[in-house]
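Listed below are the residues making up each chain.
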Amino acid sequence: MGFPALLSAAAPLPDGLAAKLGSQWAQGRTTYGGASAALALAAAQRVGGAGLPPLRSATISFVGPLAGEVEARARVLRQGRNATWIHAEISGEGGVGLTASFVFMGEGDSALVLKGCAPPDDVVPVEQARVIAVAPPAPQFLAGNFDVRFARPPASQPEPELSRWVRLTARDGLDPMVEMLLVGDGLPPGVMPLMSRTARVSSMTWQINLLTSHPETRDGWWLLRSEGDYAVHGCSSQRMGLWNADGVPMATGMQSIAIFD
C-alpha cells in the first residue's frame, strides 16, 4: 500500500485520523520516521482546515516505536493573522510514539533576499545516475515505496555524508508538503559510511524548514543529502538538505540520532 492509499484508507477522527502503519513501512521494530511524520502532518492539516497556510517548519520527536493501528490527533495551539501553530501526536498500542509541532505560514512582502543552500558541486544528474538495488540489509520501507539512485561519485575515503536521488513509487494525489516529510527522512544517517554494517541507529528529533510554499520537481525525483558533523558517546548531529531535480532548494533540516555501534 502506497502512502496515498494509506491516507485514503484512514478513518477520520474529530481531531485527526486513525490509520494502519503496515509492515511495508517498517523500519526495524518501528515505522519509517518519514511515514509517521507525514501522517502527523496529514492529521494537522485536517484539523487546520481548508484555509490553513502552507507548512513552513516542523519539529518532530520520535518518542517510541509505532506500528499497526495508530491514532494521529492534532490541536491548534495558536492561529494568528499569518501563522498557525498546530501540535500533533501519534499513539499506538505502546502509547505515544511521536510528537510534532508544525508552523504554517503564508508568504509576505520583505526586502530581504538571501539564497544559499546550493547542492553539492559534483551531483550527477538524475537521468545519468546509477540505480541502487533495494535489498536487505536496506530498511524494509524502501522496497516498493522508493526508487533510489546514487547522486555523487564515490569518495576515495569514507566520509560522513550521503547523497541520493529519491522518488516515491506512489505519489498521485499526495499533498506536496506531506510528500516532503515522507521523502525527507529517506536517507540513513550521514555518519553511516564510518560505521560497521551491523550498527543500529535511531532518530530522536528532526527539525525541517520548508524553503518554498510550492514544492515541485521533475518526474518525482528529489535530491537528498545528510551530512554528519558531530558524533560522540552514542549521539550524532547531522545537517540535511533537499533539492528538486533542477537543484532548487526545497528544505533544510537537522537531526539528532542515537547510535548503537
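Placed above this text is the structure.
The structure displayed is predicted, hence computed values, not measured ones.

**Focus on the packing of helix α2 (residues 33–48) against helix α3 (residues 176–184)**
- Two elements in contact, α2 and α3, have axes separated by 7 Å at closest approach and are oriented at 160 degrees. With respect to α3, the axis of α2 lies roughly antiparallel. Note on packing geometry: the crossing formed by α2 with α3 is right-handed. Together, G34, A35, A37, A38, L41, A42 and Q45 of α2 and M177, V178, L181 and L182 of α3 make up the contact between the two elements.
- Classifying every residue of the contact of α2 with α3 by side-chain character gives nine nonpolar, two polar and no charged.

**A short note on the sheet that holds strand β7 (residues 83–92)**
- Taken in spatial order, the 12 strands line up as β1-β2-β6-β7-β8-β5-β11-β14-β13-β12-β10-β9 in an open sheet, and their pairing is antiparallel. Strand pairing shows two members of the sheet lacking a second neighbour, β1 (11–13) and β9 (146–150), which therefore form its edges. Taking the axes of each pair of neighbouring strands and ignoring which way they run, one obtains an average angle of 25 degrees across the sheet.
- Examined bridge by bridge, β9 and strand β10 (residues 161–168) share five bridges and lie antiparallel to one another. Note on β10: the bridge partner recorded for R149 is W165.
- Here α2 sits on the sheet and contacts β1, β2 (16–21), β5 (55–62), β6 (68–79), β7, β8 (95–105) and β11 (200–210); the angle it forms with β8, its principal contact strand, is near 55 degrees.

**Description of the nonpolar core**
- Ranked by internal contacts, the top residues of the largest apolar core, which has 57 residues, are F3, W25, L39, F102, F146 and L182.
- With nine residues, α2 is the largest single contributor of residues to this core.
- Those residues in contact with F146, other than ones at most four positions away along the chain, are W25, Y32, V134, F141, V166, R167, L168, T169, L182 and V183.
- Within the second largest apolar cluster, eight residues are counted, among which are A129, A151, W243 and A245.

**Details of unusual backbone geometry**
- We note that C117 has phi near 60 degrees; this positive angle belongs to a residue other than glycine.
- Among the structural elements, C117 can be located in the loop between β8 and β9.
- A positive phi angle is found at D219, which is not glycine, with a value near 55 degrees.
- The topology assignment puts D219 in the loop between β11 and β12 (222–232).
- Classification of D219 as exposed rests on a relative accessible area of 58%.

**Details of the pattern of salt bridges**
- In this structure the tally under the stated criterion is 14 salt bridges.
- We note a salt bridge from R225 to E227, for which the minimum N-O separation is 3.9 Å.
- Classification of E227 as partly exposed rests on a relative accessible area of 24%.
- Where salt bridges share partners, they join D122, R152, E159, E161, R225, E227, D229 and R239 into one cluster.

**Considering the packing of aromatic side chains**
- Overall, the coordinates contain seven aromatic pairs when judged by the stated rule.
- A ring pair is formed by Y32 and F146, whose centres lie 6.0 Å apart and whose planes are at 90 degrees; its orientation type is edge-to-face. Residue Y32 is found in the loop between β4 (30–31) and α2, and its partner F146 is found in strand β9; the two are separated by 114 residues along the sequence.
- When the centroid spacing of 6.0 Å and the interplanar angle of 85 degrees are considered together, the rings of F141 and F146 count as edge-to-face.
- Since its relative accessible area comes to 2%, F141 is described here as buried.
- F146 gets classed as buried once you look at its relative accessible area, which sits at 3%.
- The structure contains a cluster of three or more aromatic residues connected by ring pairs, namely F3, W25, Y32, F141 and F146.
- One residue, R200, lies across the ring of F260, its end atom 4.7 Å from the ring centre.

Cut-offs and rules
Within every chain, residues take consecutive numbers counted from 1 along the sequence as written. Totals for whole chains, interfaces and linings use every residue, but because this is a predicted model, local features are given only for residues with pLDDT of at least 70 and side-chain atom pairs only at 80 or more, for both listing and counting. Values reported for side chains reflect all heavy atoms of the structure, with hydrogen atoms and water molecules removed beforehand. Structural elements are reduced to axes, namely lines fitted to C-alpha atoms, with helices fitted over the stretch in contact, and the angle between N-to-C directions of any two is expressed from 0 to 180 degrees. Strands here are runs of E lasting at least two residues and helices are runs of H or I lasting at least four, both read from the DSSP assignment and numbered beginning at the N terminus. When an angle is under 35 degrees it counts as roughly parallel; over 145 it counts as roughly antiparallel; between 65 and 115 it counts as roughly perpendicular; any other value is oblique. Should the near helix be turned anticlockwise from the far one by less than a right angle, the crossing is left-handed, and should it be turned clockwise, the crossing is right-handed. In what follows, a contact means two residues having at least one pair of non-hydrogen atoms within 4.5 Å. Asp, Glu, Lys and Arg are counted as charged, while Ala, Val, Leu, Ile, Met, Phe, Trp, Tyr, Cys and Pro are counted as nonpolar; the rest, among them Gly, fall into the polar class. Two strands pair if DSSP finds at least two bridges between them. What is meant by a nonpolar core is a set of buried Ala, Val, Leu, Ile, Met, Phe, Trp, Tyr and Cys residues, joined one to another through side-chain atoms within 4.5 Å. Relative accessibility decides the category of a residue: with a 1.4 Å probe and only protein chains considered, values under 20% of the type maximum give buried, values over 50% give exposed, and everything between is partly exposed. Within this document, salt bridges are pairs made up of a side-chain nitrogen of Lys or Arg and a carboxyl oxygen of Asp or Glu, the two lying within 4 Å of each other. Whether two aromatic rings pair depends on their centres lying within 6.5 Å, for rings of Phe, Tyr and Trp, where Trp uses its six-membered ring; planes under 30 degrees apart make the pair stacked, over 60 edge-to-face, and the rest tilted. A ring is considered to have a charge above it if a Lys NZ or an Arg CZ atom is located within 6 Å of its centre and within 35 degrees of its normal.

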